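Observations on the three-dimensional arrangement
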Amino acid sequence: MVKLVFLGAPGTGKGTYSERISPKLGIPHISTGDIFREAVAKGTELGKKVKEHLENGTLVPDEITIQVLKERISEPDCKNGFILDGFPRTLEQARALDQITDIDLVILLDLPEDLIIKKLTGRRVCEKCGKIYNVADISYGTLRMPPMLPKNPGGVCDECGGKLIQREDDTEKVIKDRLRVYHQLTEPIIEYYKEKGNLMKVEVDAPADEMAEKILKRIKERLKNEKRL
Ligand code: ADP
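This write-up is about the structure you can find in this document. Note that this is a predicted model, so its numbers are computed, not measured.

What follows deals with the site of the ligand. The immediate surroundings of the ligand are formed by 20 residues, with Thr32, Arg37, Thr58, Gly86 and Arg178 found nearest. Note that an oxygen atom of the ligand is positioned 2.9 Å from one of the side-chain N or O atoms of Arg37. Contacts to the ligand include Gln93, whose side-chain N or O atom sits 2.9 Å from a nitrogen atom. Counting only elements with at least two residues in the shell around the ligand, the list comes to α2 (32-42) and α3 (45-56). With 4 residues, α2 is the single largest residue contributor to the shell around the ligand.

Written out as structure tokens, the structure is:
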């Protein structure tokens, strides 16, 4: 049983690394952002309630988000644990999560803000399966973050053949609003987990596959030391 949270500003790679680490640990990757986007695409009741927030980069109200998360982690595929990506995002969500379950480790991803903006404007996602790609090349000094391009030509996803698109909230204006929201509402959670003693900070400075390996190794070491794995 391993229950992990990926924390960090938008664009630090929470989705990218969760996507790679989840199959290796045999636990699902749960992104509240993906759940909301799917609801909007399908036009469900939930989708109607959250649409505007997603477009503007503001947060979906805690009450709705906590309920969605609670239902998702009670599904059978979460019996051996899960990776949460994009939840919690407010102190209230963090406290609610503590009432529902115990989190083993919170991984805080750290990347300077100018690079975050570059990464987010370069991000492309598969319209069908949500797989993440990136056209931005961030390599200077000790940083090695080359583009993550599909192997196949034609702007389609390697996994499912779906069309690669730019997310509507990945425009410079909405990115700046999302970063503001992160500093104001999400950053206080860092202190909360620091005090609880389950926070592990990781600098983002290498290609995605290498980063995923590095993070997985550190997760295993840390949980082994704590005799949780
Ligand atoms: P990113 O981390 O790149 O900003 P996400 O896919 O995690 O993107 O989230 C996209 C949008 O979904 C957010 O801007 C917000 O409107 C909504 N959202 C996702 N997770 C939460 C959450 N835990 N609480 C409130 N709103 C959320």
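The geometry of helix α6 (residues 113-122) relative to helix α7 (residues 172-186) is characterised by a closest axis approach of 10 Å and an angle of 135 degrees between their N-to-C directions. The pairing of α6 with α7 is recorded here as oblique in orientation. Both α6 and α7 take part in a crossing whose hand is right-handed. Taking contact as the criterion, the partners of Glu113, Ile116, Ile117, Leu120 and Thr121 in α6 are, on α7, Glu172, Ile175, Lys176, Arg178, Leu179 and His183. Broken down by class, the residue content of the contact of α6 with α7 amounts to 5 nonpolar, 2 polar and 4 charged.

The next subject is the pattern of salt bridges. Opposite charge on two side chains permits pairing when their charged atoms draw close. A complete count under the given rule lists 22 salt bridges for this structure. The residue Lys42 makes a salt bridge to Glu38 at a minimum N-O spacing of 2.9 Å. Of this pair, Lys42 and Glu38 both sit in helix α2, 4 residues apart, roughly one helical turn. Residue class for Glu38 comes out partly exposed when judged on its relative accessible area of 45%. A salt bridge links Asp177 to Arg180; the nearest nitrogen and oxygen atoms lie 2.9 Å apart. Of this pair, Asp177 and Arg180 both sit in helix α7, 3 residues apart, roughly one helical turn. Exposure remark for Asp177: the relative accessible area of 18% places this residue in the buried category. One network of salt bridges, with partners in common, ties together Arg123, Arg167, Asp169, Asp170 and Arg178.

Conventions used here
- Residues numbered from 1 in each chain as written.
- Predicted model: local features only at pLDDT ≥ 70, side-chain atom pairs only at ≥ 80, totals over all residues.
- Heavy atoms only, no water.
- Near = heavy atom within 4 Å.
- Polar contact = N/O pair within 3.5 Å; in protein donor to acceptor, adjacent residues only side chain to side chain.
- Helix = DSSP H or I, 4+ residues; strand = E, 2+ residues; numbered from the N terminus.
- Axes fitted to C-alpha atoms, helices over the stretch in contact; angles between N-to-C directions.
- Parallel < 35°, antiparallel > 145°, perpendicular 65-115°, else oblique.
- Left-handed = near helix turned anticlockwise from the far one by under 90°.
- Contact = heavy atoms within 4.5 Å.
- Nonpolar A, V, L, I, M, F, W, Y, C, P; charged D, E, K, R; others polar.
- Salt bridge = Lys/Arg side-chain N within 4 Å of Asp/Glu carboxyl O.
- Buried < 20%, exposed > 50% of the residue type's maximum accessible area, 1.4 Å probe, protein only.

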